[in-house]
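# Reading the structure
Chain residues, written in single-letter form:
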Amino acid sequence: MSVTYERRLLTRDRGAGLLQKLWLIPWSFVLLLCAVAAVGYVALYSAGGGSPEPYAAKHALRFGFGLVLMLSIALVDIRLIARLAWLGYAAGIALLVLVLLHGNVGKGAQRWIDIGPLQLQPSELMKIMLVLGLAAWFQRASWERMGNVLFLLPPALMVLLPVGLILKQPNLGTALITGMVGAAVFFAAGTRWWKFALIGAGVAVAAPIAYDHLHDYQRARITTFLDPESDPLGAGYNIIQSKIALGSGGLWGKGFLQGTQGHLNFLPEKQTDFIFTMIAEEFGLVGALTVLGLLSLVLMFCFAVALRCRHQFGRLIAVGLGTNFFLYVFVNVAMVTGSIPVGGVPLPLISHGGSAMLTTMLGFGLLLSVYVHRDAEFGAAQD
Amino acid sequence: MRFWWRPESGLGSGKPGGSGFRGVRREEERRRGVFTRRALLLGAGQLGLFGFLGSRLYRLQSEEGERYTTLAEENRVSARLIPPPRGRVLDRNGQVVAGNRLNWRALLVAEQTQDVGATLETFSRIVPLTEQERARIEREVRRRRRFVPVAVREFLSWEDMARIEVNAPDLPGILIDVGTTRLYPEGEHLSHLVGYVAPPAERDMDGDPLLELPGIRVGRAGIERHHDLLLRGRAGAVQLEVNAVGRVIRELDRREGVPGQDVQISVDAELQKTLRGRIEEGTSVVVLDARNGEVLAMASQPSFDPNVFNAGVSAAQWREWTRNRATPLINKATNGLYAPGSTFKMIVGLAGLEARVVTPGDRVFCPGHLDLGDTRFHCWQRHGHGSLDLRSAVKLSCDVYFYEVAKRAGIDRIAAMANRFGLGTDLEIELPGTRKGLVPTRAWRQAQGKPWNLGDTIVHGIGQGFYQITPLQLATMAARLATGRAVQPHLTRSVGGKPARGGKPEEWPSLGIPDRDLKLMREGMWAVVNEPGGTALGARLPASLGVMAGKTGSVQVRRVSREQRERGYKAENQPREWRPHALFVAFAPYDNPLYAVSVVVEHGMSGSGAAAPLARDALVEVFNRFRAAPGPRVAEASPAEPRR
């Protein structure tokens, strides 16, 4: 039944024209994204020393381009995306392999490849493709089936393969995030709770033991793994400067373009990893919480889409992409506030960087497609 | 194991998927139920973690921020930029031609005083400030960020400093600090080349925080402007903990800046000074190393003292400079535009040879004029030169011969050849604002809506007419004639100790002109200076030094009418500003060219009388200065007879 059912594809919006679909796009969400990108523009304007060059103007251009990309993807039928999901996953893996073979080394790791003027970080793209691939695998799985360990084995490999490839770059931070995004999809798809508990317990027990048995130089390697930007001498320097900036920002901030830490270059990477510090220094706690609030709204929208969607494929995508977005924001803000040691994660829609902007908007395009086609009919669950 | 979110256990064992439509629906609902619960759990968890971030920010910025709030009231973290020393400009022998000296000054940091106005009021009771100064200070305080110091008064005397220090408690926000200021030891001798520095204007603010520092200077002209970014360096910064009065308690952190790099230029400052001492107002001399285009000297009279710009130019001084008809601010060697006159004849000859409209043996009869319709074009030699070939035509500077060559070759071929020799082109020398000049073509004239007549071509065949050529381009032409390579004049020898490009002769491409043609022209130029009858016989070098080859020129600045000619026109009887300019181009030694020279003497009457002797003196000076030096090799001075 499965094949015929899928082939039928007769749904309410099948005949919906592009114009009707445009009407279905949640424009308030698009407006929300514009607001977040505008925050990015203002912050990058300041990071550029009070000038649209060299960051802010490019940021606006990239966001405009990403907006067009997002809206175009939003109009693509979700079932077409479901059928292409495997292809996307395979392409993501191929790019990861390519980056290992021919990638550019940056800060001690092979991370990106040049495609014309664009620098692509395949690990960013992979997270989205992984969500697509897992959602495609789980879309028909019933509750019973989710209890079958053999059924869970292939998707587990689907997660472990890219995680392994990203580890090899080496980039532990992104590998961890990728694993967590995969775990979130597994969880939402209905994997039994005790399996997570078992794996979690196993890791919790094994990690310290393993760490204890390591040599000093191996531990140091893990530390640099966790925080690739730090050299042993300058460890913690960035975080201290970031904390001074946050603290001296106070409740209302020093004012636009008045941040001493940022403008005098005490703040490292102020246009990428530490853009949030820049905002918090110049606009204070009020500004920082406002930005966090806006980002929370984006996250809430992701889950609202998941709950309203009537097919499992869309739900899993929405949860997976929402979790991905959450992890970006959480890891970045937790890093600049000195809560966790991992580094090198940008703040989505706000940090300077073309690759991240592109993949973020690609993800939101998929999310909007889920929303627009939330009532599309897929095959039912099966064992 | 059972958990509260597990769906009703009764359905767990069935196989709803296989039991028809109702089973499918049930299974779907169940799956959705599980998903909804788990998604809500995930979403709530994630929002909760955002909440944790919020609380963390609250703690850092508000609670722990009290630590910083205290700093804001009693002690504060203050960041200051450390200006890097500006790079020096050295001449080719390492002599400093633009350096730095100390400058004690009083600064005002706005964030360290409650009331800027009151502080300034107190300050002006100790060291008087004019209304204008106070207006400028208040303007800058408003414009800049509050932690950036603003210069209140520069170049303080010891007395003023002592008085300020004694009154420091009454002067919150005022601090005394030592900065540097630019010093040009050679004064006006190199100002056209080295340029000068001045405080940055609004339009210079390119985001470099350095430019907001008090007392900082940016290059405004010449090398100072061309290499401004290299000379400027990058600012360092210190993070200081200061108390409410502005006293530094401790240094928290320091970022080192990058000092500006030294730039060495190819000019010999002593040679430049000697040459400038010899020339009068309205004269420019350019000496190039013919092999690689290095500028050895470039003198233009009159000039100005660049040190004046440092402290600001007074209105009266500026008026004097800009109203002076001799234009001291303008480097005539690069921005003075002249017709090349007879110095252009080699170009016409080469254009004719290349187009094969004339051969070295072609003879033309010069009766003293050339008639075209009812217009008569005169040769400078009223009685004519008789029959002569190309070599003698260069030697004697016969106008009629070149009228004829130009007529045959056409203006566009001549213009193309001129461009190849650098005339009317941008030579890309490191002096901003250098003029490109003009070499007219048929298309250029037609773009003005006027036809190009054969008569125009004839006039342009002897370097008169619409041409606008700079002395630098003339020297470049001489260097290219001498070497056959497209050398470009340049000033930069090394930056930060690393040699600049263009120093080796092989780096310059060949002009692609047959050696035979170039040789003929060089022979003609040799004859100008060294053969009886040549136009500049009096300017030959002392035999012990070497042999010079050159070409004279003089250009009318006003048209001479037929009437005047008939009444016996004599240029020397005209008022000075109507007299023709005198020009001379040369290279030496003849058999192994090392140096190229151009001289332009405004209203100097004749090239042989006014310009050629200056070129000779310049070359004598160059030979004397460089013979001992290990750098440029001087060929054995043996006057080689050119092959006939």
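Every value quoted in this text rests on a predicted model; they were computed, and no experiment measured them.

What counts as what
Residues numbered from 1 in each chain as written. Chains lettered and ligands numbered in written order. Predicted model: local features only at pLDDT ≥ 70, side-chain atom pairs only at ≥ 80, totals over all residues. Heavy atoms only, no water. Helix = DSSP H or I, 4+ residues; strand = E, 2+ residues; numbered from the N terminus. Buried < 20%, exposed > 50% of the residue type's maximum accessible area, 1.4 Å probe, protein only. Areas by Shrake-Rupley, 256 points an atom, 1.4 Å probe, with all protein chains shown as cover. Patch = residues over 30% accessible without salt bridge, like charges linked within 9 Å, V, L, I, M, F, W, Y side chains within 5 Å. Salt bridge = Lys/Arg side-chain N within 4 Å of Asp/Glu carboxyl O. Lys, Arg positive; Asp, Glu negative; His and termini not counted. Charge placed at Lys NZ, Arg CZ, Asp CG, Glu CD. Pairing = 2+ DSSP bridges. Axes fitted to C-alpha atoms, helices over the stretch in contact; angles between N-to-C directions. Arc of directions from axis to C-beta. Contact = heavy atoms within 4.5 Å. pLDDT = per-residue confidence, 0-100. Parallel < 35°, antiparallel > 145°, perpendicular 65-115°, else oblique. Left-handed = near helix turned anticlockwise from the far one by under 90°. Core = buried A, V, L, I, M, F, W, Y, C linked by side-chain atoms within 4.5 Å.

A tally of regular secondary structure across chain B gives 21 helices and 21 strands. Counting all 644 residues of chain B, 53% fall into the buried class. On chain B, roughly 29300 Å² of surface is accessible, and the fraction owed to carbon and sulfur atoms is 49%.

With that settled, consider the overall build of chain A. Looking only at helices and strands, one finds 16 helices and 3 strands in chain A. Out of the 383 residues belonging to chain A, those deemed buried represent 55%. Accessible area for chain A stands at about 15600 Å²; split by element, carbon and sulfur atoms hold 69% of it.

Moving on, we come to a positive patch on the surface. Residue and element names in this part refer to chain B. Residues R382, R559, R565 and K570 make up a contiguous surface patch of positive charge. With respect to the helices and strands, K570 occurs in the loop between helix 20 (562-566) and strand 20 (581-588). K570 gets classed as partly exposed once you look at its relative accessible area, which sits at 45%.

With respect to the helices and strands, the residue V159(A) is situated in helix 8 (residues 149-167). Between the C-alpha atoms of V159(A) and G182(A), which are 23 residues apart in sequence, the distance is 6.1 Å.

For the rest of this paragraph, the subject is the sheet that holds strand 12 (residues 295-300) of chain B. All names here are of chain B. Across the sheet, 5 strands lie side by side as 12-11-21-20-19; this open sheet has antiparallel pairing. With partners counted over all chains shown, the strands left at the sheet margins are strand 12 and strand 19 (549-555), one partner each. Averaged over all pairs of adjacent strands, the angle between strand axes in this sheet comes to 10°, irrespective of strand direction. Here 5 bridges tie strand 11 (residues 283-289) to strand 12, and the two strands are oriented antiparallel to one another.

What follows is about a nonpolar patch on the surface. Together, W194(A), L198(A), I199(A) and V203(A) make up an exposed nonpolar region whose accessible area comes to about 430 Å². You can see V203(A) is positioned in helix 10 (residues 193-212).

Residue and element names in this part refer to chain B. Buried within helix 15 (residues 411-420) are the following residues: I411, I414, A415, M417 and A418. End-on view of helix 15: buried residues confined to an arc of 160°, all on one side of the axis. On its buried side, helix 15 packs onto helix 12 (345-354), helix 14 (399-409), helix 16 (442-447) and helix 17 (454-460). G422 occupies a position one or two residues after helix 15 and carries a positive phi of about 90°.

The next point concerns the confidence of the model for chain B. Residues and elements named next belong to chain B. Across chain B, the average pLDDT comes to 85, with 90% of residues at or above 70. Across chain B, the element-wise mean pLDDT spans from 53 in helix 2 (residues 65-73) up to 96 in helix 18 (residues 471-483). Low pLDDT (under 50) marks residues 1-19, which in the prediction has 27 contacts with non-local residues, meaning those over four places away or in another chain.

Residues and elements named next belong to chain A. For the pair helix 6 (residues 122-138) and helix 16 (residues 354-372), the least separation of the axes is 9 Å and the interaxial angle reads 15°. The angle between helix 6 and helix 16 places the two elements in the roughly parallel class. Remark: the crossing between helix 6 and helix 16 carries right-handed chirality. On helix 16, the residues touching E124, L125, I128 and L132 of helix 6 are T359, L362, G363 and L366.

Once that is clear, we can look at the pairing of strand 21 (residues 595-601) of chain B. Residue and element names in this part refer to chain B. For strand 21, the buried fraction is high: 7 of the 7 residues fall into the buried class. Side chains Y595, V597, V599 and V601 of strand 21 all project onto a buried face; the interleaved residues A596, S598 and V600 project onto the opposite face, where all are buried too. The sheet contact formed by strand 11 and strand 21 spans 7 bridges and is antiparallel. Across the sheet, the residue bridging to V285 is V599, located in strand 21.

Moving on, we come to the nonpolar core. Y401(B) and F421(B) are the most contacted members of the largest nonpolar core, which totals 130 residues. The greatest single-element share of this core, amounting to 9 residues, is contributed by helix 21 (residues 607-628) of chain B. Leave out the neighbours within four places in its chain, and Y401(B) touches V358(B), T359(B), D362(B), V364(B), L388(B), D389(B), L390(B) and A393(B). Grouped together as the second largest cluster of nonpolar side chains are 121 residues, V181(A), V336(A), L362(A) and V372(A) included.

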